[in-house]
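Inside the fold
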Amino acid sequence: MRHSAIEPLLILQDRERTRRSLSQSLAAIPGDRARVQGKIDAEKNAIDAAKAEWRGLESSKKLLETEIGVAEGKLGKYRTQQSLVKKNDEYQALGHEIDTAEAEISKLEGQELEIMYEIDNSKERFATAEKELHVSIADHEARLVTITERESSLTAELKEAESIVETARVDVDPKSLRVFDQVAPQTFPVCVAVNGGKCGGCHLRVSGEAEGVTRKGDELGRCDQCARIIWWESS
Ligand SMILES: [Zn+2]
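Residues numbered from 1 in each chain as written. Predicted model: local features only at pLDDT ≥ 70, side-chain atom pairs only at ≥ 80, totals over all residues.

Below, the discussion takes up the overall build of the protein chain. From N to C terminus, the protein chain includes 4 helices and 4 strands. Starting at the N terminus and walking to the C terminus, you meet the elements of the protein chain as α-α-α-β-β-α-β-β. Taken over C-alpha atoms, the radius of gyration comes to 41 Å for the protein chain, far larger than the 18 Å a tight globule of 235 residues would show. In terms of overall dimensions, the protein chain has a C-alpha envelope of 130 × 35 × 25 Å along the principal axes. Residues counted as buried form 14% of the 235 residues belonging to the protein chain. By sequence separation, contacts in the protein chain at least 24 residues apart represent 71% of the contacts at least 6 residues apart. (Helix = DSSP H or I, 4+ residues; strand = E, 2+ residues; numbered from the N terminus. Rg over C-alpha atoms; globule rule 2.2 N^0.38 Å. Buried ≥ 20, exposed ≤ 12 C-beta atoms within 10 Å, placed from the backbone. Contact = placed C-beta atoms within 7 Å.)

What follows deals with the domain arrangement of the protein chain. The domain boundaries assigned to the protein chain delineate domain 1 (17-172) and domain 2 (178-232). For domain 1 and domain 2, the distance between their C-alpha centres works out to 62 Å. (Domains from an automatic or database assignment.)

This part takes up the pairing of strand S4 (residues 229-232). Consecutive residues of a regular strand have side chains that alternate between opposite faces of the sheet. Burial along S4 is two-sided: the face carrying Ile229 and Trp231 and the face carrying Ile230 and Trp232 are both buried. The pairing of strand S1 (residues 191-195) with S4 spans 4 bridges and is classified as parallel. Pairing of Ala193 across the sheet is with Trp231, part of S4. Strand direction decides the pairing type here: strand S3 (residues 221-222) and S4, joined by 2 bridges, are antiparallel. Among the inter-strand pairings, Arg222 is bridged to a residue of S4, identified as Ile229. Hairpin connection of S3 to S4: 6 residues between the antiparallel strands, including Ala227 at a positive phi of 70°. (Pairing = 2+ DSSP bridges.)

This paragraph deals with the packing of helix H1 (residues 6-84) against helix H2 (residues 88-170). Between H1 and H2, the shortest axis-to-axis distance is 5 Å and the interhelical angle comes to 165°. Between H1 and H2, the angle is such that the two are roughly antiparallel. Of the two elements, H1 crosses H2, and the hand of that crossing is left-handed. Broken down by class, the residue content of the contact of H1 with H2 amounts to 38 nonpolar, 12 polar and 33 charged. (Axes fitted to C-alpha atoms, helices over the stretch in contact; angles between N-to-C directions. Parallel < 35°, antiparallel > 145°, perpendicular 65-115°, else oblique. Left-handed = near helix turned anticlockwise from the far one by under 90°. Nonpolar A, V, L, I, M, F, W, Y, C, P; charged D, E, K, R; others polar.)

Strand order in the open sheet formed by 4 strands is S2-S1-S4-S3, with mixed pairing between adjacent strands. The open sheet terminates on both sides in strands that have one partner only, identified here as strand S2 (198-199) and S3.

Moving on to the nonpolar core. Core analysis: the biggest nonpolar cluster contains 19 residues, and Leu9, Phe180, Cys191, Ile229 and Ile230 have the highest contact counts within it. Among the elements that make up this core, the one with the highest residue count is S4 (4 residues). Once residues within four sequence positions are removed from consideration, Ile230 is found in contact with Val192, Val194, Cys199, Val206, Thr214, Gly221, Arg222 and Cys223. (Core = buried A, V, L, I, M, F, W, Y, C linked by C-beta atoms within 7 Å.)

So this is what it looks like as C-alpha cells:
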C-alpha cells in the first residue's frame, strides 16, 4: 500500500521542480547580460585602440615636419653663406654641409611618406571598427532589452511558482514535509518509485527492510543508499 503522503509529496515535487527551473533561468540572467555588455565593451575598446594608434601616428608626423623645417632652415643658411664666401676651401666645406643637410631632409621626407601611408591604414581600421560597432550596437541593445523583458517575466513566474509550492506544502503532513525539506537541498527529485527492487533515483537495490516498510505503507519508505523517499510501484 502506498503511504498516504506520497500523492501530495509528488504534487509538491512537481511544483518544486517548476520553481527550481524558473529560479535557475533567472540566475542565468546576469551572466547573459554581462556577455552582451562584454561584446559592446570589446568593440568600443577596438575603436579606442584604433583611435589611439591614429593619434600617435599624427603626432609622429608633426614631429617629423618640425625636424624637416629645422633641416631646411639649416640648408637655406648654408646656401646663403656659400653664395657669400670667396675662398674655394670654405665654398667646398659649405658644399659638404649642404649635401649632408639635403640627405637628411630626403631621409626625413621618406619617413614622413611612410607615416602618411600608415595613417591612411590606421584611419581605415578606425572607420571599420566604428562601422562594425554601429551595425552591431543595435543588435546588442535589442538583446539587452529582450534580457530585461525575460528577467521581469521570469520574476513574475517565479513568484507565482513559489506561491503554488506553498499551497502544495499545505497538503503534506508535517512529518513527511520535514523529510522532504531535509532531502531536497541535496538530492532532487526527492520522491522516486522503486522498480524491480531498485531505487528510481540512485538505481541501487534497496534493502529488504526498506522494501518491507515501503510495501507496507505505514511509514514513509527511504532508500538506504541515497535517502530519497521511495514508494512501491503497484505492478
Ligand atoms: Zn536511492
